[in-house]
Amino acid sequence: MADAGRTAGGRALEDGPLLTGTGLYAADLAAGDALHAVFLRAPFAAAGAVTLDLDDARAMPGVVAVLTAADLAADGIGPVQVGMALTGPDGERWTATPRPLLAGPAVRFTGEPLAIVIAATRAGALDAAEAIGLEWDAQDAVVGTAAALAEGAPLVHADRPGNIGYRHASGDPAAVEAALAASARVVRMQTRVTRVAAIAMEPRAATAQPLADGRWELFASHQGPQGLRGILSAALDLPADQIRVRTGHVGGSFGMKAGPLREEIVLFWAARRLGRALRWQAERADSFLSDEAGRDLDIEAALGLDAAGNFTALKVEILADIGAYATGRSLPPVMNLGGIAGPYRTPAISGLVTGVLTHSVPVAAYRGAGRPEATFIIERLVDLAARETGIDPVALRRQNFIPPEAMPWKSPYQFDYDSGDFARVLDAGLAQADVAGFAARRTASEAKGLVRGLGIAFCIETAGGPYNTPGRDHAMIEIDAEGRMIVGGGSFSAGQGMATTLLRLASERLGLPAEAAVFVQGDTDVMPEGRGMGGSSGTIVAGSAVTATAETLIATARALAATELDADPGALEFDEGTFRLPGSNRSLSLAELGRIAAAQGTPLVARGSFKPAQATFPNGCHVCEVEIDPETGQVAIVSYSAVEDVGTVLNPQLAEGQLHGGIAQALGQVLAEEIRLSDDGQVLSGSFMDYAMPRAADLPPYATGFEPVPTKLNPLGVKGVGEAGSVGGLAAGMNAICDALAQRGVRDFAMPASPHRVWQALAAAQASR
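All residue numbers refer to positions counted from 1 along the written sequence of the respective chain. Per-residue local features of the predicted model are confined to residues with pLDDT of at least 70, and side-chain atom pairs are confined, for both listing and counting, to 80 or more; whole-chain, interface and lining totals are unaffected and use all residues. Hydrogens and waters are ignored; side-chain quantities use all the structure's heavy atoms.

(A) Representation of the sheet that holds strand S11 (residues 205-210). The 7 strands lie next to each other as S4-S7-S2-S14-S11-S12-S13, forming an open sheet whose pairing is mixed. Strands at the two margins of the open sheet, each flanked by one partner only, are strand S4 (63-68) and strand S13 (243-246). Strand after strand, the sheet turns through a mean of 20 degrees between neighbouring axes, direction not considered. Contact between two residues is taken to exist if any of their heavy atoms lie within 4.5 Å; hydrogens are not considered. Axis lines are fitted through C-alpha atoms, for helices just across the contact stretch, and the angle between N-to-C directions can take any value from 0 to 180 degrees. The numbering of helices and of strands both runs from the N terminus, where a helix is a DSSP run of H or I of at least 4 residues and a strand a run of E of at least 2. Against the sheet, helix H4 (residues 122-131) makes contact with strand S2 (35-41), S4, strand S7 (113-119) and strand S14 (278-281), and its axis sits at roughly 25 degrees relative to S2, the strand it touches most. Contacts between helix H8 (residues 262-274) and the sheet are confined to S2, S4, S7, S11, strand S12 (216-220), S13 and S14, with S12 contributing the most and set at about 150 degrees to the helix. A pair of strands counts as paired when DSSP detects no fewer than two bridges linking them.

Right under this line is the structure:
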């Protein structure tokens, strides 16, 4: 297997191990003497007084241990969760609900882990888990926000009356109400953004093992190894320098493989408790039951317009189903609610988000983490306003755009924009999608008995943040004893091509070939600090850190070269990886200096970091066209186009790839993806037989392009691209479907647009005529 932490330079070589089956995923790690672990999961969503009879399981052949919440308590290991500190609209303080690593005596969602079973073989561990006896006090479950908020509903947590996990208000509600009351027209919308699963290609997996130097290592499929090391250190009261966290290739993460994942922490604790290497591999069924979910919002919103079609006010209220625990991971709808302002000059905006506790797996970040939902809200409202006023939806957007001369834009709501030319991006997007030719295409569809819809969405999102507290990332560059360039990134790549990007940046600054370089990631021994992956921050923050580190390396190398050449450092010229002394034939390359430094016992290495002053704001125009068969309700996405301003485009191929992936995830949710639960909290969509994933045939070829307006907030001028496809895709897809349905009399329609639901909507509209 390849060493996934070290990647040879160049795009083809970066992909090589993955294309040839020699990648190193978490389950591929060789650990021959490791014991196998499985988790016993709760078969019910709500219960108290849960007791486990472990005798039969512990007596089974090959079983080494069965550990429960009682064992964690005996070792002084308490609940572990991301903290939360919010002030509510009435001044109340909202903090996190404690989340035990292993549940007991209360259970709050189906699939919650109750025990870890450790045996010589995986089959033995599975058999032992089956032998555990369970007794519990069955309780009524609350599923969905309506049930949880109903008067007298069972409480998920006894100390959270009304099942309220948090409430957060922003903007000026009084000014918004006054502006809406004075508006010539108010467009109102009630809709829903469904709950979905991340469905990473690689399910979660981990191995915990002792190291020869007495430390312990966790090798896991995780998108933030440095953060995970800090979590393990705090949870187990263990010095961070006694922990090594490594990751190999990670087959998708999307926000789900972040933060304090329960099973990985329990595995590490159990391994140290037993003094044995342990490995755990989740099955797909485990993923559906226990991976944190995404989205799940019930939305009420209102947009005011004056008689000329100018936006006057926007009011948004969200009920966010956050699942069984309220933590800092529950806050994507709050953190990115500023996106509801969109690219528009709306003078008064208010938002209210209520996090509702339910008996279901917790909801956390999923690609976009609140950004797609915010764009969906405002862009659906704009389309509804266009339909109600009779104003062309493109013209309505254009007249309400923030003009480029108003940049930097001081927002009346949350996000201040540093740059952007929205009209220019809109024009490029409309031209690429040939919106002018849509009428002819609609006529052709009608001739086939199909209804064709056009969806336009203009999205803007925050990237490289969080907005109020942007994170710092770190980089390392070394010229080793063999003269090779080694680049280490605190950012983490799970398929985005960060190795290519960061190696190329270092190569350009240092004048060394990227093809001969090595990229190192996912190892806290090499990069003890780093922000990992998330928030479309990789190139913004890590790329800028590499650029700064390259300059530091040049300065360090210059001093060494001056000593070796007996010259003044300022007299040396540096170009194409070599220092030259003008007026002589004397020179030293970085490769030579690397060998010299190594021989002297002081490697030629530099470390640096970068923290942006504020977040950036990539934005784009997405255009989707669909055809609906009214006889069957089948929706076909026939074309999709996106033009994005992501600032400077360093690698168009990688940037387009990021757009493609995000669009696919958004359209999958639009068409079919949805986690469904029964009234008693059982997961009804717990396999790919019931959870519909988009297939290649469901999606058209994408037309993507870029209209860069570079930012000045980082030295590269980049704005971020990792989540752009999902941010625009949710709104563009639903706008296209709703446009088609509106032609047949359907005004209100919420995702997913499965054939049965579309057919029902069409039939109801037909019956009401």
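(B) Region of interest: the side chain of His359. Turning to its location among the elements, His359 is positioned in the loop between strand S17 (349-357) and helix H11 (371-389). If near-sequence neighbours (up to four positions away) are discounted, His359 is found in contact with Ala45, Ala46, Arg108, Phe109, Asp140, Ala141, Val142, Val143, Leu155, Val156 and Gly681.

(C) Geometry of H8. Taking 1.5 Å per residue, 13 residues should reach 18 Å; H8 reaches 18 Å between its end C-alpha atoms and fits that length. Only protein chains enter the area calculation, which uses a 1.4 Å probe; residues under 20% of their type maximum are buried, those over 50% are exposed, and those in between are partly exposed. By the criterion of burial, H8 is predominantly enclosed, with 10 of the 13 residues buried. Listing the buried residues of H8 in full gives Arg262, Glu263, Glu264, Ile265, Val266, Leu267, Phe268, Trp269, Ala270 and Ala271. Backbone geometry just after H8 places Gly275 at a positive phi near 70 degrees. Expected helix span is taken as 1.5 Å per residue step, with the number of steps being one fewer than the number of residues.

(D) Highlighting the packing of aromatic side chains. Between rings of Phe, Tyr and Trp, where Trp is taken as its six-membered ring, a pair exists when centres lie within 6.5 Å; planes separated by under 30 degrees are stacked, by over 60 edge-to-face, and by other angles tilted. A full pass over the atoms with the stated rule returns 16 aromatic pairs. Three or more aromatic residues joined by ring pairs make a cluster, and in this case those are Phe311, Tyr344, Phe401, Phe415, Tyr417, Phe422, Phe458, Tyr467 and Phe617.

(E) Region of the structure containing a negative patch on the surface. Taken together, the side chains of Asp53, Asp55, Asp56 and Glu135 make up a negatively charged region of the molecular surface. The topology assignment puts Asp53 in strand S3 (residues 47-53). Patch criteria: residues need more than 30% relative accessible area and no salt bridge. Like-charged residues are merged within 9 Å; nonpolar side chains of Val, Leu, Ile, Met, Phe, Trp and Tyr are merged within 5 Å. A 1.4 Å probe and the Shrake-Rupley method give the accessible areas. Residues count as covered only by the protein chains that appear here. The working definition used for a salt bridge is a side-chain nitrogen of Lys or Arg within 4 Å of a carboxyl oxygen of Asp or Glu. His is not counted here, nor are the chain ends, while Lys and Arg score as positive and Asp and Glu score as negative. Working definition for charges: the position is that of NZ of Lys, CZ of Arg, CG of Asp or CD of Glu.

(F) The environment of Ser419, seen in detail. Residue placement: Ser419 occurs in the loop between helix H12 (393-400) and helix H13 (422-433). For the pair Ser419 and Met335, spaced 84 residues apart in the sequence, the C-alpha separation amounts to 21 Å. Excluding residues that lie within four positions of it along the chain, Ser419 makes contacts with Met407, Val709, Pro710, Thr711 and Lys719. We call two N or O atoms a polar contact when they sit within 3.5 Å, provided that within protein one can donate a hydrogen and the other can accept it, with sequence-adjacent residues counted only if both atoms are side-chain atoms. One polar contact links Ser419 to Asp418, side chain to side chain, over a distance of 3.1 Å. Of note is the side chain of Ser419, whose polar atom sits 3.1 Å from the side chain of Lys719.

(G) Up close: unusual backbone geometry. The residue after Gly465, namely Pro466, is reached through a cis peptide bond having omega 5 degrees. Mapping Pro466 onto the fold places it in the loop between strand S18 (451-460) and strand S19 (473-479). The residue after Met751, namely Pro752, is reached through a cis peptide bond having omega 0 degrees. Relative to the assigned elements, Pro752 resides in the loop between helix H19 (724-742) and helix H20 (755-767). A positive phi angle is found at Glu576, which is not glycine, with a value near 55 degrees. Here Glu576 shows up in the loop between strand S22 (573-575) and strand S23 (578-580). According to the relative accessible area criterion, Glu576 is exposed, its value standing at 58%.

(H) The arrangement of the pattern of salt bridges in detail. One pass over the structure, following the stated rule, counts 47 salt bridges. Measuring nitrogen to oxygen at the nearest pair gives 2.9 Å for the salt bridge that ties Glu112 to Arg262. Taken together, the residues Glu112 in the loop between strand S6 (93-95) and S7 and Arg262 in helix H8 connect sequence positions 150 residues apart. Both residues of the pair, Glu112 and Arg262, belong to the buried class. With a shortest N-O distance of 2.6 Å, Glu177 and Lys315 are connected by a salt bridge. With Glu177 in helix H6 (residues 173-182) and Lys315 in strand S16 (residues 311-323), the pair connects residues that are 138 residues apart, well separated along the chain.

(I) Focus on the nonpolar core. The definition of a nonpolar core used throughout is a set of buried Ala, Val, Leu, Ile, Met, Phe, Trp, Tyr and Cys residues joined through side-chain atoms within 4.5 Å. Ranked by internal contacts, the top residues of the largest apolar core, which has 109 residues, are Tyr166, Ile318, Ile340, Ile377, Tyr417, Ile737 and Phe749. A total of 10 residues in this core trace back to one element, the largest contributor, which is H19. Ile479, Leu512, Leu553 and Leu588 belong to the second largest nonpolar core, which has 43 residues in total.

(J) A look at the pairing of strand S15 (residues 294-305). In terms of burial, S15 is a largely internal element, 10 of the 12 residues being buried. Across 11 bridges, the pairing between strand S10 (residues 185-196) and S15 is antiparallel. By the bridge assignment for S15, Arg188 is matched with Ala302. Sheet topology note: the S15/S16 ladder contains 9 bridges and is antiparallel. Residue pairing for S16: Asp298 is matched across the bridge by Leu319. Between S15 and the antiparallel strand that follows it, S16, lie 5 residues; Gly309 among them carries a positive phi value of about 95 degrees.

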